[in-house]
Amino acid sequence: MPVRESILEETKTVWERLKDRARAEKWIIGLSAIVAAALVLAGIHTVAVLLFWIVWMAALFSRSTDTTPPAVPVPEAVAEETDLSMLAAAFNALDTPILVVAPDETVVLQNHAAEKAFGTIPANTDLSARVRSPGILDMVRETIATGKVNQIEHSERFPSESVYIVRVAPAEIGSPNERLYVLSYRDISQARRIDRMRSDFVANASHELRTPLASLRGFIETLQGPARNDAKAHEKFLGIMHEQATRMSRLVDDLLSLSRLELKSHIAPDEAVDLAPLLGHVRDALSPLAEDVGVKISLVVPDDPVVVQGDRDELTEVFENLIENACKYGQEGKMVEVTLSGGGDAPAEVSVRDYGPGIPAEHVPRLTERFYRVNVEASRSKKGTGLGLAIVKHILTRHRARLLVQSEIGKGTVFTVRF
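Only a predicted model underlies this, so the values are computations on that prediction, with no experimental measurement involved. (Residues numbered from 1 in each chain as written. Predicted model: local features only at pLDDT ≥ 70, side-chain atom pairs only at ≥ 80, totals over all residues. Heavy atoms only, no water.)

Asker: How should I be thinking about the overall build of the protein in this particular structure?
Answerer: Each helix and strand in the protein was counted, giving 13 helices and 13 strands. A total of 419 residues make up the protein; the buried ones form 35% of that total. In the protein, 59% of the contacts between residues at least 6 apart in sequence involve partners at least 24 apart. In the structure as shown, the protein presents an accessible area of about 25100 Å², 57% of it carried by carbon and sulfur atoms. (Helix = DSSP H or I, 4+ residues; strand = E, 2+ residues; numbered from the N terminus. Buried < 20%, exposed > 50% of the residue type's maximum accessible area, 1.4 Å probe, protein only. Contact = heavy atoms within 4.5 Å. Areas by Shrake-Rupley, 256 points an atom, 1.4 Å probe, with all protein chains shown as cover.)

So this is what it looks like as structure tokens:
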């Protein structure tokens, strides 16, 4: 009896499935019946059409009622990893440095721009181990606690001065309860440099140009008035006016050069430059000046090439400034020694030594400031603008190099460029 009931129950179940299938496929069944009738009317044997229709129905009803493949549960870790991979692909297309931070303040992702700007940060590294700014860390913690967007202005001093708008915002990744935090750095360094450049240019140019402009105005008034018919005064004053105009031209050229350097100081050059032939070219170019002031320039370089990453024209300007200064301000020593060392695994160094009067110790830290002069009258008499060493400093900052100064009164000065 139980076996018979089981058979009846199974038969009932199959019948119910067939009825459900028939209801689900009623449009196909009806269409197939119409097609079969049309075939009979067209003259095809009724038995053949009936057999074909029975086989078609059998195939239709033999299919499983549910053709949708069963859903395969995706592990949570795999889903999260997929979400992070999609984030990484999107963020890597941006030129803005971006860090993705977990609620426990660990860095789970950084894009290529962040890696280039701040170095590689291994996954799951604590944010405070790589970001040392208390302001940024406090901002991130506040956003983690409150879920609100925050941003601050942040300045970096190394390897060059940079200014960023740092913004942190929550982002739901994966499930709604799973939240990460996107930390982005928008570089506004160039805008800040342009603002500072404008204000500095106005302040410095107005200060430095005031004297030659006053001289020119005075001489012009004299030539128009008392010396109108004095030929000798004309010749004398026109010579002085030409000298003052030339001084203003040099000053404007140096200010523009300094401004251009400031705009790209955060971009490191990538050209390979051999320093030995470059220094030889600078020495040859300055030989006429050295002869005029009675100074001999000696150059000592190693046999092997000493190659650094840099911009050839800018490095030429650096060593022209240093050697020219040594010739003009150390001419009492009659000798300027230029020495190149390093190469291979050792850092490259170029030293420029003069045997002049030397520089008092209190002036050495300020030598690279704009318009700073140890002796104002001596600098102007030698046609200096007070911007040469400021230009040198900005070029070396861009090249990630250092300028070292050693001086002793009565024994001379050594300027060393260390790469």
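Asker: In this structure, what is going on with the sheet that holds strand β12 (residues 402–408)? I would like to understand it.
Answerer: Sheet strands pair via backbone hydrogen bonds, and the direction of the pair is either parallel or antiparallel. Across the sheet, which stays open at both edges, the five strands sit in the order β8-β10-β11-β13-β12 with mixed pairing between neighbours. Two strands close off the open sheet at either side, each with one partner strand: β8 (296–300) and β12. Pairwise comparison of adjacent strand axes, ignoring direction, gives a mean angle of 15° for this sheet. Pairing between β8 and strand β10 (residues 335–343): five bridges, direction parallel. (Pairing = 2+ DSSP bridges. Axes fitted to C-alpha atoms, helices over the stretch in contact; angles between N-to-C directions.)

Asker: I keep staring at the pattern of salt bridges and nothing clicks. Help me out?
Answerer: Should their charged atoms come close, side chains of opposite charge can pair. A complete count under the given rule lists ten salt bridges for this structure. Between Glu-271 and Arg-312 there is a salt bridge, with the nearest N and O atoms lying 3.8 Å from each other. Note that Glu-271 is positioned in strand β7 (residues 271–274) and Arg-312 in helix α11 (residues 312–329), a separation of 41 residues in sequence. A relative accessible area of 36% places Arg-312 in the partly exposed class. Close ionic contact of Arg-398 with Glu-314 constitutes a salt bridge, the shortest N to O distance being 2.9 Å. Taken together, the positions of Arg-398 in helix α13 (residues 388–398) and Glu-314 in helix α11 put the pair 84 residues apart, joining distant regions of the chain. By relative accessible area, Arg-398 is classed as buried at 8%. Take Glu-314: its relative accessible area is 6%, and that puts it in the buried class. Each of the salt bridges in this network shares a partner with another, and the network as a whole consists of Glu-105, Asp-138 and Arg-141. (Salt bridge = Lys/Arg side-chain N within 4 Å of Asp/Glu carboxyl O.)

Asker: Help me understand the sheet that holds strand β5 (residues 162–172) in this model?
Answerer: Taken in spatial order, the six strands line up as β3-β2-β1-β6-β5-β4 in an open sheet, and their pairing is antiparallel. Single-partner strands in this sheet number two, and they are β3 (125–126) and β4 (150–156). For strand β1 (residues 98–101) and strand β6 (residues 179–187), the ladder comprises four bridges, and the chain directions are antiparallel. The partner of Val-101 across the bridge, within β6, is Tyr-181.

Asker: I keep staring at the packing of helix α9 (residues 231–263) against α13 and nothing clicks. Help me out?
Answerer: Two numbers describe a pair of packed helices, the interaxial angle and the distance between the axes. Where α9 contacts α13, the two axes come as close as 10 Å, and the packing angle between them is 20°. When the axes of α9 and α13 are compared, the pair comes out roughly parallel. Every pair of crossing elements has a handedness; the one defined by α9 and α13 is left-handed. Residues Asp-254, Ser-257, Leu-258, Leu-261 and Glu-262 of α9 form the contact with α13, whose own contacting residues are Ala-390, Ile-391, His-394 and Ile-395. Among the residues making up the contact of α9 with α13, the classes are represented as five nonpolar, two polar and two charged. (Parallel < 35°, antiparallel > 145°, perpendicular 65-115°, else oblique. Left-handed = near helix turned anticlockwise from the far one by under 90°. Nonpolar A, V, L, I, M, F, W, Y, C, P; charged D, E, K, R; others polar.)

Asker: Before we go on, may I ask you to explain the packing of α11 against α13 in this structure?
Answerer: Relative orientation of the contacting elements α11 and α13 amounts to 145°, with a least axis distance of 9 Å. The element α11 and its partner α13 pack so that their crossing is left-handed. In this structure, α11 uses Glu-314, Glu-317, Val-318, Asn-321, Leu-322 and Asn-325 to contact α13, whose residues at the interface are Gly-388, Leu-389, Ile-391, Val-392, Ile-395, Leu-396 and Arg-398. Of the residues in the contact of α11 with α13, the class split is seven nonpolar, three polar and three charged.

Asker: Mind showing me how you'd approach the nonpolar core here?
Answerer: A general trend in soluble globular proteins is that nonpolar side chains are found buried together. Counting 51 residues, the largest nonpolar core has Leu-275, Val-318, Phe-319, Leu-322, Ile-323 and Val-338 as its most contacted members. Of all elements in the fold, only α8 (189–224), α9, α10 (275–292), α11, β10, β11 (346–354), α13 and β13 (412–418) reach the threshold of two or more residues within this core. In terms of residues, this core owes the most to one element, α9, which gives eight residues. Excluding residues within four positions of it along the chain, Ile-323 makes contact with Val-282, Leu-286, Ile-297, Val-338 and Val-352. The next biggest cluster of nonpolar side chains, apart from the first, holds 18 residues, and it includes Leu-99, Ala-114, Leu-127 and Ile-136. (Core = buried A, V, L, I, M, F, W, Y, C linked by side-chain atoms within 4.5 Å.)

Asker: Help me understand the packing of aromatic side chains in this model?
Answerer: What characterises a pair of aromatic rings is the spacing of the ring centres plus the angle enclosed by the ring planes. In this structure the tally under the stated criterion is four aromatic pairs. For the pair Phe-118 and Tyr-185, a centre-to-centre distance of 4.7 Å together with 55° between the ring planes defines the contact as tilted. Note that Phe-118 is positioned in helix α5 (residues 112–118) and Tyr-185 in strand β6, a separation of 67 residues in sequence. Look at Tyr-185 and you get buried, because its relative accessible area is 3%. (Phe/Tyr/Trp six-rings, centres within 6.5 Å; stacked < 30°, edge-to-face > 60°.)

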